[in-house]
Amino acid sequence: MRKRKKYRLNLVAILVIVSLILSLLNFYSDYASSSEKSYTTYIVAPGDTLYGISKRFYPHQRDIRDGVDLICEANKKDGKPLEPMIFPGQILKIPLGDEN
């Protein structure tokens, strides 16, 4: 009899732990999906600079360089941030949301 009670108690404990883990995973996936960034695209025009584009999309930034960093980081290729030199016709991803 005691072995059965102990077995049931262990089974209940395992089920509670598994359900807690699944709940935490569900919470994390909801949090991760809600914190995904949204982007707009911008086609570089002749005479554009990263500073000018940053000023246009992030006018309330204290330091325009922070906006430049956001743009460079969003346009990484092969793990390398965007080079500071941009060219007319180049398509940039501009992060939107909490950053601006």
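Please read all numbers here as calculations on a predicted model, not as lab measurements. (Residues numbered from 1 in each chain as written. Predicted model: local features only at pLDDT ≥ 70, side-chain atom pairs only at ≥ 80, totals over all residues. Heavy atoms only, no water.)

### Looking at the nonpolar core
Counting 14 residues, the largest nonpolar core has Leu50, Ile53, Ile71, Leu82, Leu92 and Ile94 as its most contacted members. At the level of elements, helix 2 (50–57), helix 3 (64–74) and strand 2 (91–96) are the ones that each hand at least two residues to this core. For this core, the element with the most residues is helix 3, which contributes 4 residues. (Core = buried A, V, L, I, M, F, W, Y, C linked by side-chain atoms within 4.5 Å. Buried < 20%, exposed > 50% of the residue type's maximum accessible area, 1.4 Å probe, protein only. Helix = DSSP H or I, 4+ residues; strand = E, 2+ residues; numbered from the N terminus.)

### Observations concerning the layout of surface pockets
Empty space left among the atoms is revealed by rolling a probe the size of a water molecule over them. Of the pockets and cavities examined, the largest pocket occupies roughly 200 Å³. Around the largest pocket sit Asn75, Lys76, Lys77, Lys80, Pro81, Leu82, Glu83, Met85, Gln90, Ile91 and Leu92, which together line it. For the lining of the largest pocket, the class distribution of residues is 5 nonpolar, 2 polar and 4 charged. (1 Å grid on protein atoms, 1.4 Å probe; cavity = no way out; pocket = protein on both sides within 12 Å on 5 of 7 lines; lining within 4 Å. Points joined across faces, edges and corners; volume = space filled by probe spheres on them. Nonpolar A, V, L, I, M, F, W, Y, C, P; charged D, E, K, R; others polar.)

### Brief notes about the pattern of salt bridges
The full count for this structure, using the stated rule, is 2 salt bridges. In this structure, the salt-bridge partner of Arg65 is Asp63, at a minimum N-O distance of 2.8 Å. In this structure, Lys76 engages Glu73 in a salt bridge whose closest nitrogen and oxygen atoms are separated by 2.7 Å. For Lys76, a relative accessible area of 39% gives the class partly exposed. (Salt bridge = Lys/Arg side-chain N within 4 Å of Asp/Glu carboxyl O.)

### Topic: the packing of aromatic side chains
On inspection of all chains with the given rule, the structure shows 1 aromatic pair. Where Tyr42 meets Phe57, the ring centres are 5.7 Å apart and the plane angle is 80 degrees; that geometry is what we call edge-to-face. Linking Tyr42 in strand 1 (residues 38–43) with Phe57 in helix 2, this pair joins segments that are 15 residues apart in sequence. The ring of Tyr39 has Lys93 sitting right over it, with the charged end atom 4.6 Å from the ring centre. (Phe/Tyr/Trp six-rings, centres within 6.5 Å; stacked < 30°, edge-to-face > 60°. Lys NZ or Arg CZ within 6 Å of the ring centre and 35° of its normal.)

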